[in-house]
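Here is how the chains run, residue by residue.
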Amino acid sequence: MKLFIINPGSTSTKVALYEDDKEIWSETQRYDTDVISKFESIGSQEEFRFDAINRILDEKGVSPEDFDAVVGRGGLLSPIKGGTYEINEKMIEELLASQHGSHASNLGAPLAARFAAAGGGKAKSFIVDPVVVDELVEEARISGLPEINRRSIFHALNQKAVARRAAVKMGKPVQNCNFIVAHMGGGVSVGAHENGRVIDVSNGLDGEGPMSPERSGALPAGKLVSLCFSGKHTQKEIEKKLVGNGGLVAHLGTNDLREVEKRIANGDSHAELMFNALCFQISKEIGSCAAVLKGRVDSILLTGGLAYSVKLCEEITSRVSFIAPVEIFPGEDEMQALAEGALRVLKGKESAQIYS
């Protein structure tokens, strides 16, 4: 089966052609920020990106008529359960209007639907495990204030894909496994996976969990309130401190863990302290998820770009391996995960869900 994958980013669009679960080719089309900034909204970029992707297909000598499925990166929708969703008009309408938030990934479904239609309707169009996947148990939604509920927003695509791969290695259905998955990239999210369901997860966008290369993670609330009302910062500046300019960027001026490790090798004790604090906080969140799962953990899975760091994985493993065996799945292979999600439906292993 031929699968065409579309993954829009803020200044790029990644596309790939898969034959079953094997990549045939992939391309990343990058756009100048001054070009993208001329568009009034994410939705208004649709035609521009559609034409740009068409040029890639022409160069590759590929027609939409060749596709059995077109898979787009899922965007900001209403909270939904994990899985593969067939794209429908309601989904497209909400994404193009940025009804639940504005992000480039909102274009994944509309573009996938258009390329499926361009092939004469033979191909089905899907999204897989968008960031709004919400499978929290009710207790996990409660904060200490009734005005504020916790939200489930996390790296669902990669976390779910890694959990499925770990289950295959164990020779068990993912529905019979308990995992703690730590996605470690520019943002960090740590999820408690119970029988295939993410019953609790840290939401780094809301200032939860460990710090990361670009996010502050959880902060002492009293001091944060004082900072907000100090008169020194606007609301947007505070929000940028939490997401974008927090974590390693705030402490060390870089979001590149390789640079941090170079500084440590050159004797920078402050960089070493920040590196150790990052490992400490991720490990602490993993321990929290172990309590959520009542200690019944088959494996702890470390994934994302930071999982390429042997030093980081070794330090975290030294702290958490008493809970369960640790496995490492470096990187964030979103294109592969999107292809696998569509294949599960096309091969009858899973039913496509309907967004309503």
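Described below are features of the structure shown in this document. In this text the structure is predicted, and so the values were computed from the model without any measurement. (Residues numbered from 1 in each chain as written. Predicted model: local features only at pLDDT ≥ 70, side-chain atom pairs only at ≥ 80, totals over all residues. Heavy atoms only, no water.)

### A short note on the overall build of the chain
- For the chain, the count of helices and strands is 13 helices and 12 strands.
- For 356 residues, the compact-globule estimate of 2.2 N^0.38 gives 21 Å, and the chain sits close to it at 21 Å.
- Dimensions of the chain, computed from C-alpha atoms along their principal axes, come out at roughly 60 × 50 × 50 Å.
- Counting across all 356 residues of the chain, residues that qualify as buried make up 50%.
- Within the chain, the 48 negative side-chain charges are centred at a point lying 4 Å from the centre of the 40 positive side-chain charges. (Helix = DSSP H or I, 4+ residues; strand = E, 2+ residues; numbered from the N terminus. Rg over C-alpha atoms; globule rule 2.2 N^0.38 Å. Buried < 20%, exposed > 50% of the residue type's maximum accessible area, 1.4 Å probe, protein only. Lys, Arg positive; Asp, Glu negative; His and termini not counted. Charge placed at Lys NZ, Arg CZ, Asp CG, Glu CD.)

### As for the side chain of Gln336
- Counting through the fold element by element, Gln336 comes out in helix H13 (residues 334-346).
- Classification of Gln336 as buried rests on a relative accessible area of 15%.
- A distance of 3.0 Å separates a polar atom in the side chain of Gln336 from the backbone oxygen of Asp21. (Polar contact = N/O pair within 3.5 Å; in protein donor to acceptor, adjacent residues only side chain to side chain.)

### A closer look at the packing of helix H10 (residues 257-265) against helix H11 (residues 269-292)
- Interhelical geometry of H10 versus H11 gives an angle of 130° and a closest axis separation of 8 Å. Here H10 lies oblique to H11, going by the angle between them. Crossing of H10 over H11 shows left-handed handedness. Where H10 approaches H11, its residues Leu257, Val260, Glu261, Arg263 and Ile264 are matched on the opposing element by Ala271, Glu272, Phe275 and Leu278.
- Grouping the amino acids of the contact of H10 with H11 by side-chain chemistry returns 6 nonpolar, no polar and 3 charged. (Axes fitted to C-alpha atoms, helices over the stretch in contact; angles between N-to-C directions. Parallel < 35°, antiparallel > 145°, perpendicular 65-115°, else oblique. Left-handed = near helix turned anticlockwise from the far one by under 90°. Contact = heavy atoms within 4.5 Å. Nonpolar A, V, L, I, M, F, W, Y, C, P; charged D, E, K, R; others polar.)

### Here we look at the sheet that holds strand S11 (residues 326-330)
- Spatially, the 5 strands line up as an open sheet ordered S9-S8-S7-S10-S11, and their pairing is mixed. Strand pairing shows two members of the sheet lacking a second neighbour, strand S9 (197-201) and S11, which therefore form its edges. Taking the axes of each pair of neighbouring strands and ignoring which way they run, one obtains an average angle of 25° across the sheet.
- In terms of strand pairing, strand S10 (residues 299-304) meets S11 through 5 bridges, oriented parallel. In the sheet register, Leu301 faces S11, and the bridge partner there is Glu327.
- Of the strands in this sheet, strand S7 (178-184), strand S8 (188-194), S9, S10 and S11 are in contact with helix H6 (residues 156-170), which crosses S7 at around 135°. (Pairing = 2+ DSSP bridges.)

### Side note on the pattern of salt bridges
- Applying the stated criterion across every chain, the model contains 21 salt bridges.
- The salt bridge involving Arg150 is made with Glu208; its shortest N-O contact spans 2.8 Å. You can see Arg150 sitting in the loop between helix H5 (138-141) and H6 and its partner Glu208 sitting in the loop between S9 and helix H7 (221-228), a full 58 residues away along the chain. The pair formed by Arg150 and Glu208 is uniform in burial state, with each residue classed as buried. (Salt bridge = Lys/Arg side-chain N within 4 Å of Asp/Glu carboxyl O.)

### Details of the environment of Val292
- Considering the arrangement of structural elements, one finds Val292 in helix H11.
- Sequence spacing of Val292 and Lys2 is 290 residues, and the spatial spacing of their C-alpha atoms is 40 Å.
- Once residues within four sequence positions are removed from consideration, Val292 is found in contact with Ala192, Ile199 and Asp200.

### Here we look at the sheet that holds strand S3 (residues 22-30)
- An order of S3-S2-S1-S4-S6-S5-S12 is seen for the 7 strands of this open sheet, with the pairing classed as mixed. With partners counted over all chains shown, the strands left at the sheet margins are S3 and strand S12 (353-354), one partner each.
- Pairing geometry for strand S2 (residues 12-19) and S3, over 8 bridges, is antiparallel. Each bridged residue has a counterpart across the sheet, and for Lys14 the counterpart in S3 is Thr28.

### Here's the deal with the packing of H6 against H13
- Across the interface, H6 lies against H13 with an axial gap of 10 Å and an inter-helix angle of 65°. Taken together, the axes of H6 and H13 lie roughly perpendicular to each other. In the crossing of H6 with H13, the sense of the turn from one axis to the other is left-handed. Here Leu157, Ala161, Arg164 and Arg165 of H6 come into contact with H13, specifically with Glu334, Gln336, Ala337, Leu338, Glu340 and Arg344.
- The class makeup of the residues in the contact of H6 with H13 is 4 nonpolar, 1 polar and 5 charged.

### Some remarks on H10
- Within H10 the residues assigned to the buried category are Leu257, Val260 and Ile264. Burial along H10 is one-sided: seen end-on, the buried residues are contained in an arc of 55°. Along H10, exposed side chains directed more than 90 degrees from the buried face belong to Arg258, Lys262 and Ala265.
- Packing partners of the buried residues in H10 comprise helix H9 (248-252), H11 and helix H12 (310-320).
- If you check the start of H10, you find a side-chain oxygen 2.9 Å away from the backbone N of Arg258, and it comes from Asp256.
- Trailing H10 by a residue or two, Gly267 shows a phi angle of about 90°, which is positive. (Arc of directions from axis to C-beta.)

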